[in-house]
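So the chains spell out like this:
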Amino acid sequence: MSLATPHHSLATTQPLLRPRAVERLVAGQATSDGAGVKLTRVLTNDLQRRLDPFLMLDAFGSDKADDYIAGFPDHPHRGFETVTYMLEGRMRHRDSAGNEGLLGNGGVQWMTAGRGVIHSELPEQEDGRMEGFQLWLNLPAKDKLCPPWYRDIPSAQIPEFEHAGVTVRVIAGSSHGVAGAMQREATAPLYLDLHLAPGAQFEQVLPEGHNAFVYVYRGSLKLEGGCTVPQQRMAIFANTPRSDGVRLQAGEAPTRAILIAGRPLKEPIAQYGPFVMNTREELMQAVHDFQNGQLA
């Protein structure tokens, strides 16, 4: 769904006065998951506290079926949300709560694992390109044992707007007056897919206390202070006091990037594989429940 945004909502947006600088650049780690799917782990465990409420970001992309064809057979989750954004390809989701959906080009699968779910994500293609991202978003302690929930968001239902050489897909949160496909009160996630023409500039207002990062998957970005972010790199934005947002500018080639930010939960993080809780005792209970068939 391409939303025709009123011109005044963009034109009257005040320029940022104190855009954030870049704290550091991160190169992801090549790894595999599921039944051998090759991917790059961009947001790793050692960054969970720094980028709270985000626990993990995987980027995957390959033209070789052997890199993805085995997919992700049945596996459990508890205590957080998974957000899968498919740039290209077809993936079938099934879970123990009775949900099923087909994730296609430009679509999003948003799953709240809550108290527990067992699901599978299997390709529905034998050749061609499969590319996208999976983001893990933490749940606050009070919601970690909530009922599992799931939503398929087809590409046509993701709001978009265009302005000055930039196309913005608003997956979560809001940008320039356009509300995204998903909203979450506790973590207030912002998830934007940005398509920038060469040299185009984009500004996004962000609350001072929210953690934020950008991952470039085509082209390159120039950020505040002269920092250049090349393709397949993540830039973590500094939590500068009194900052009001981020300013991004594409390099000499068309550029695509995902901009992600959220309100930190500031709660203990205890993780054991696909279970993310607040204490070791809760993790032990999660493993026990899984082993005894007590997940949803």
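What this report covers is the structure whose coordinates are included nearby.

With that settled, consider the pattern of salt bridges. Applying the stated criterion to the full structure yields 20 salt bridges. For K38, the salt bridge identified is with D67, shortest N-O distance 3.6 Å. With K38 in strand β3 (residues 37-43) and D67 in the loop between β4 (54-62) and β5 (72-77), this pair connects stretches of sequence that are 29 residues apart. On the basis of relative accessibility, which here comes to 53%, the residue K38 falls in the exposed class. Here D67 falls in the buried class, since its relative accessible area comes to 14%. Salt-bridge contacts for E100 lead to R92; the nearest nitrogen and oxygen are separated by 3.5 Å. Residues joined by salt bridges that share partners form a network here, namely R90, R92, R94, E100 and E124.

With respect to the element layout, R49 can be found in the loop between β3 and β4. Sequence separation between R49 and H195 is 146 residues, and the spatial gap between their C-alpha atoms is 29 Å. With near-sequence residues (within four places) excluded, R49 lies in contact with K266, E267, P268 and I269.

Turning our attention to the layout of surface pockets. Considered as a void within the structure, the largest pocket measures approximately 420 Å³ in volume. It is β4 that provides the largest number of residues to the lining of the largest pocket, a total of 6 residues. Of the residues assigned to the lining of the largest pocket, the class counts are 12 nonpolar, 11 polar and 6 charged.

This next bit is on the sheet that holds strand β8 (residues 100-103). Read from one edge to the other, the open sheet built from 4 strands follows the order β5-β10-β7-β8, with strand pairing classed as antiparallel. Pairing within the sheet leaves two strands with one partner each, and these edge strands are β5 and β8. The mean inter-strand angle of the sheet, taken between neighbouring strand axes irrespective of direction, is 20 degrees. Across 5 bridges, strand β7 (residues 91-95) lies against strand β10 (residues 117-123) in antiparallel orientation. Among the inter-strand pairings, M91 is bridged to a residue of β10, identified as P123.

Turning our attention to the packing of aromatic side chains. According to the stated counting rule, one finds 6 aromatic pairs in the structure shown. With a centroid separation of 6.2 Å and an interplanar angle of 85 degrees, the aromatic rings of Y85 and Y191 are classed as edge-to-face. Remark: Y191 occurs in strand β17 (residues 190-196) and Y85 occurs in strand β6 (residues 80-88); sequence separation between them is 106 residues. Y85 sits in the buried class, given a relative accessible area of 1%. A residue is classified by how much of its surface remains accessible, and Y191, at 1% relative accessible area, is buried. An aromatic cluster of at least three residues, connected via ring pairs, comprises F133, Y215 and Y217. A cation over an aromatic ring shows up here: R184 above the ring of W149, its NZ or CZ 5.1 Å from the ring centre.

Rules of the game
Residues numbered from 1 in each chain as written. Predicted model: local features only at pLDDT ≥ 70, side-chain atom pairs only at ≥ 80, totals over all residues. Heavy atoms only, no water. Salt bridge = Lys/Arg side-chain N within 4 Å of Asp/Glu carboxyl O. Helix = DSSP H or I, 4+ residues; strand = E, 2+ residues; numbered from the N terminus. Buried < 20%, exposed > 50% of the residue type's maximum accessible area, 1.4 Å probe, protein only. Contact = heavy atoms within 4.5 Å. 1 Å grid on protein atoms, 1.4 Å probe; cavity = no way out; pocket = protein on both sides within 12 Å on 5 of 7 lines; lining within 4 Å. Points joined across faces, edges and corners; volume = space filled by probe spheres on them. Nonpolar A, V, L, I, M, F, W, Y, C, P; charged D, E, K, R; others polar. Pairing = 2+ DSSP bridges. Axes fitted to C-alpha atoms, helices over the stretch in contact; angles between N-to-C directions. Phe/Tyr/Trp six-rings, centres within 6.5 Å; stacked < 30°, edge-to-face > 60°. Lys NZ or Arg CZ within 6 Å of the ring centre and 35° of its normal.

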